[in-house]
Amino acid sequence: MPNMSLTKNPMPAQAPDVRNKNFLEVATGYTEDMAVDEAQRCLNCKNRPCMTGCPVAVKIPEFLALVAERKFEKAYEKITETNALPAVCGRVCPQEKQCESKCVRGIKGEPVGIGRVERFVADYHIKNGKEKAIEIKKNGKRVAVVGSGPSGLTAAGDLVKLGYDVTIFEAFHTAGGVLMYGIPEFRLPKNIVQKEIDKLKNLGVKIETNTIIGKTLMVDELEEQFDAIYIGTGAGLPSFLKIEGEALNGVYSANEFLTRINLMKGYKFPEYDTPVYCGKNVAVFGGGNVAMDAARCAKRLGAENVYIVYRRGKEELPARKEEVEHAEEEGIQFKLLENPTKFIGDENGWLKGVELLSMELGEPDASGRRRPVEVKGSEHILDIDTAVIAIGQTPNPLIKKTTKGLETNAKGCIVADDLGATSIENIYAGGDVVTGAATVILAMGAGKTAAAAIHEKLSK
Amino acid sequence: MSYKIVRKEDLNPQVFLMEIEAPLVAKKAEPGQFVILRIDEFGERVPFTVSDFDREKGTVTIIIQAVGKTTKDLAAMKAGESILDFAGPLGMPTPLDHIKKAAIIGGGLGTAIAYPQAKKLKSLGADVTVITGFRNKELIILEDEMKAVSNKLIITTDDGSNGLQGFVTDRLKEEIEAGEKFDEVIAIGPLVMMRAVCRVTEQYNIPTTVSMNPVMIDGTGMCGGCRVIVGGETKFACVDGPDFDGHKIDWDAALKRSQMFKPYEKRSCEEGRCRITGKEHCNA
């Protein structure tokens, strides 16, 4: 008999006024009993609607059934049949828009906490499990993967298991892409990401760091050495507001602010050499997950007032609801329906304020969201000494500029078909570099699809 | 992966050279490009302009002035030791092919960065005048090297201790006034020096390329920290530069931006992890 509770087991978490002063993980994870109890809420529907919401098609009812029977390691094996990064997905997937949005239990009450149970299983395995040696029959073919973010790691994992000799090329000194430089420690601990990467290394994936494709090596050089190439370089180029004063000291792109903190461990300065300047009054511009991450980091660095400045209303915030709630609990102040018009600096070039214009919501625009319209004469100044611009990223143009015949669109994204095939034979692409900035799991799904397509192509 | 220091040489009391084994970088490097290195797990990513490269040996040479945490720690390292990360070549090469007669200006450490430009131009058959400036004669670097790659080498010192007193701008003006017709001036050195050179060349309408060296993290266009305002537009020194038209740079903004992390540099030197003694703090 399933557990008929209408609500999910709540996720244990650090108290807001404690966690907003440290970088430890906010959500501390289910206990065994909580995971079993939650898994028992699954009705094991015959048509498995949840699976249709998962970009990597995790066999959800099957793994939940195994958790319900306390067969945690078996559950882990079930998840990893299709998902190479469960500890990551359990933490950062927008389950409310994917698997859990399709869960029958969500019609009346809350859906099964699939993500929370997935995370429990992955963490259980990290703590208690043993890596089973997988027998891989090498097929003698070589695939290069460019970029070691979620998309590249997924493609590499699938390809190496199919017998390919896989080398990942990474521009930074550390593999992991946005999982390492972007998402903060308190939402996705870096040792978890590192363990997932180490698993791939143990399977035989080679990782060449400090190698910038388009600079250190060109795509055509890779073509000479590899049978196929998968490009998963993400959306790494920060967008700026293009308003006056953006070069003032104290104005960061979200990429710079987060990279200093997460990848370079700036929050541990001076133990680590990389500093991160964070003042007392911080405004983060944008309303997505990256904006929430930046705001919550600023709070943890000791800022007294941290504002999210967003030009639309609360309903329109693109961030996950959970992230918005966490931010609010931690004392982040939301300045909604406000749009920056210029940054104001002091005589030494340091940021001291931003001029904001109030907005009101008009008719829905092409995205279906109500369009913000300026309220004339509503200019006012907000005193800030730090600004973080988190209004989006576009793909890095390095590969586009240096690869002849690689088709890209007006936004600079690589053009690829549903299977990831680009305009050049045997070169595939997927994730944010194709779609523009999206989610970790969609990038993983694209990596998975392309890995299958590469296998199909090279097996002919 | 790590990168071996195959040669280390002191050029003056503060400046030293490091030749580092990095075959892939050496294979692609061109004058004007830079690398980013990180000493170890705790290190900062710091850009250094490529001073020389040997494609056959697979080495890249950088010239370093010990002024901050990373550069002082590098100064304490020896040939045979390795650094953890070394990535490049980054940035765009300096366009040199069109130049027939150039004045290359190096201010202090900038001389090291100006050297590959002079070398390449000379090899392309251009007429090369090199003007380098130092505070005093003890600090002069690369004299023989520059002599070998220039038609004329002028070394000037702020205090006149080498027999020629004045700034690089004084020497440049003299050359121009004496009738030398430069197609282009390439100025590399501290921001104030590059700005001063640009003010001179503006008067004579001589196109001038400068090399910007702002703080950056990745060096591939990702952090946007290296923003430089050029002709009213925001450019990234790492991917659009590091060379820009010196007459279009917003020098005031660049000078102010260069101060952003100054207080941290001092703190890092005093309280940062000590790589020399292995102590937790440099002052411990």
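Keep in mind that this is a model prediction, so the values were computed, not measured.

A few words now on the overall build of chain B. Within chain B one finds 8 helices and 15 strands. For chain B, whose C-alpha radius of gyration is 18 Å, the value lies close to the compact-globule estimate of 19 Å for 284 residues. When contacts within chain B are restricted to residue pairs at least 6 apart in sequence, those whose partners lie at least 24 apart make up 63%. When the accessible surface of chain B is totalled, it reaches about 11,700 Å², and 50% of it is carbon and sulfur.

Once that is clear, we can look at the environment of Glu315(A). All names here are of chain A. With respect to the secondary-structure elements, glutamate 315 resides in the loop between β8 (305-310) and α14 (321-329). Take glutamate 315: its relative accessible area is 72%, and that puts it in the exposed class. For the pair glutamate 315 and asparagine 22, spaced 293 residues apart in the sequence, the C-alpha separation amounts to 29 Å.

Facing the 47 residues of chain B at the interface are 46 residues of chain A. Carbon and sulfur atoms make up 58% of the area that chain B and chain A hide from each other, which totals about 4,000 Å². At the surface where chain B touches chain A, the tally comes to 2 salt bridges. Lys27(B) is the salt-bridge partner of Glu221(A), the closest N and O atoms lying 3.6 Å from each other.

Quick look at the environment of Gly232(A) now. Turning to its location among the elements, Gly232(A) is positioned in the loop between β4 (228-231) and β5 (237-238). When near neighbours in sequence (up to four residues on either side) are disregarded, Gly232(A) contacts Val146(A), Gly147(A), Gly430(A) and Val433(A).

Turning next to the packing of aromatic side chains. With the rule as written, the count across this model stands at 15 aromatic pairs over all chains. An angle of 80 degrees between the planes, with centres 5.0 Å apart, marks the rings of Phe72(A) and Phe120(A) as edge-to-face. With Phe72(A) in helix α5 (residues 72-80) and Phe120(A) in helix α7 (residues 114-128), the pair connects residues that are 48 residues apart, well separated along the chain. Like Phe120(A), Phe72(A) is buried. Taken together, the aromatic side chains of Phe23(A), Phe186(A) and Tyr267(A) make up a single cluster linked through ring pairs. Between the NZ or CZ atom of Arg300(A) and the centre of the ring of Phe186(A), over which it lies, the distance is 3.7 Å. The ring of Phe16(B) is capped by Lys8(B), whose NZ or CZ atom sits 5.0 Å from the centre of that ring.

On to the pattern of salt bridges, then. Counted under the stated rule, the structure contains 49 salt bridges over all chains. Between Asp293(A) and Arg187(A) there is a salt bridge; the shortest N-O distance is 2.7 Å. Placement of the pair is Asp293(A) in helix α13 (residues 289-300) and Arg187(A) in the loop between α9 (178-181) and α10 (190-202), with a sequence separation of 106 residues. Comparing Asp293(A) with Arg187(A) shows no difference in burial state: the two are buried. A salt bridge links Glu30(B) to Arg55(B); the shortest N-O distance between them is 3.2 Å. A residue pair is termed long-range when its members are at least 10 positions apart, and Glu30(B) in the loop between α1 (23-28) and β3 (34-38) and Arg55(B) in the loop between β4 (46-54) and β5 (59-65) qualify at 25 residues. Residue Glu30(B) is classed as partly exposed on the basis of its relative accessible area of 24%. Under the relative-accessibility criterion, Arg55(B) is labelled partly exposed at 38%. One network of salt bridges, with partners in common, ties together Arg19(A), Arg187(A), Asp293(A), Arg296(A), Arg300(A), Glu323(A), Glu329(A) and Glu330(A).

The next subject is helix α3 (residues 110-123) of chain B. All names here are of chain B. Given a rise of 1.5 Å per residue, 14 residues ought to cover 20 Å, and the 21 Å separating the end C-alpha atoms of α3 matches this to within 8%. Three or more residues of α3 are buried, namely Gly110, Thr111, Ala112, Ile113, Ala114, Tyr115, Pro116, Gln117, Ala118 and Leu121. Once α3 finishes, glycine 125 follows within two positions and takes phi at roughly 90 degrees, a positive value.

In summary, soluble globular proteins display a tendency toward joint burial of nonpolar side chains. Ile60(A), Phe63(A), Leu64(A), Val67(A) and Val121(A) are the most contacted members of the largest nonpolar core, which has 70 residues in total. At 8 residues, the largest contribution of residues to this core is made by helix α17 (residues 440-459) of chain A. For this core, the domains that each give at least three residues are domain 1 (16-128) and domain 2 (142-236 + 394-458) of chain A. Core analysis: the next-biggest nonpolar cluster, separate from the first, contains 54 residues, Ala387(A), Leu90(B), Val239(B) and Trp251(B) among them.

Residue and element names in this part refer to chain A. Contact geometry for helix α2 (residues 32-39) and helix α4 (residues 60-68): axes closest at 8 Å, N-to-C directions at 130 degrees. Considering their axes alone, α2 and α4 lie oblique with respect to each other. Here α2 runs over α4; the crossing is left-handed. Between α2 and α4, the residues in contact are Ala35, Val36 and Ala39 and Leu64, Val67 and Ala68, respectively. When grouped by side-chain class, the residues that make up the contact of α2 with α4 number 6 nonpolar, no polar and no charged.

This brings us to the sheet that holds strand β7 (residues 281-285) of chain A. Residues and elements named next belong to chain A. With respect to topology, 5 strands assemble into an open sheet ordered β6-β14-β7-β8-β9, the strand pairing being parallel. Pairing within the sheet leaves two strands with one partner each, and these edge strands are β6 (251-253) and β9 (333-336). Here the strands of the sheet are splayed against their neighbours by 20 degrees on average, with no regard to which way each runs. Two strands pair when backbone bridges link them, and β7 and strand β14 (residues 386-389) are joined in this way by 4 bridges, in the parallel orientation. Counted as the bridge partner of valine 282 is threonine 386 from β14. Sitting on the sheet, helix α12 (residues 254-262) is in contact with β6 and β14, with an inclination near 85 degrees to β6. Sitting on the sheet, α13 is in contact with β7, β8, β9 and β14, with an inclination near 165 degrees to β8.

Turning to the domain arrangement of chain A, a few remarks are in order. Note on interface size: it is often stated as the accessible area lost on association of the parts. All names here are of chain A. Partitioning chain A into structural domains gives domain 1 (16-128), domain 2 (142-236 + 394-458) and domain 3 (240-391). Using C-alpha coordinates to define each centre, domain 1 is positioned 32 Å away from domain 3. Each partner contributes residues to the interface: domain 1 has 14 residues there, and domain 3 has 13 residues. Each partner contributes to the roughly 1,100 Å² buried at the junction of domain 1 and domain 3, and carbon and sulfur atoms together form 50% of this total. Summed over the shared surface of domain 1 and domain 3, the result is 3 salt bridges. A salt bridge links glutamate 96 to arginine 320; its shortest N-O distance comes to 3.0 Å.

Definitions and limits used
Residues numbered from 1 in each chain as written. Chains lettered and ligands numbered in written order. Predicted model: local features only at pLDDT ≥ 70, side-chain atom pairs only at ≥ 80, totals over all residues. Heavy atoms only, no water. Helix = DSSP H or I, 4+ residues; strand = E, 2+ residues; numbered from the N terminus. Rg over C-alpha atoms; globule rule 2.2 N^0.38 Å. Contact = heavy atoms within 4.5 Å. Areas by Shrake-Rupley, 256 points an atom, 1.4 Å probe, with all protein chains shown as cover. Buried < 20%, exposed > 50% of the residue type's maximum accessible area, 1.4 Å probe, protein only. Buried area = accessible area lost by both parts, 1.4 Å probe. Salt bridge = Lys/Arg side-chain N within 4 Å of Asp/Glu carboxyl O. Phe/Tyr/Trp six-rings, centres within 6.5 Å; stacked < 30°, edge-to-face > 60°. Lys NZ or Arg CZ within 6 Å of the ring centre and 35° of its normal. Expected span 1.5 Å × (residues − 1). Core = buried A, V, L, I, M, F, W, Y, C linked by side-chain atoms within 4.5 Å. Domains from an automatic or database assignment. Axes fitted to C-alpha atoms, helices over the stretch in contact; angles between N-to-C directions. Parallel < 35°, antiparallel > 145°, perpendicular 65-115°, else oblique. Left-handed = near helix turned anticlockwise from the far one by under 90°. Nonpolar A, V, L, I, M, F, W, Y, C, P; charged D, E, K, R; others polar. Pairing = 2+ DSSP bridges.

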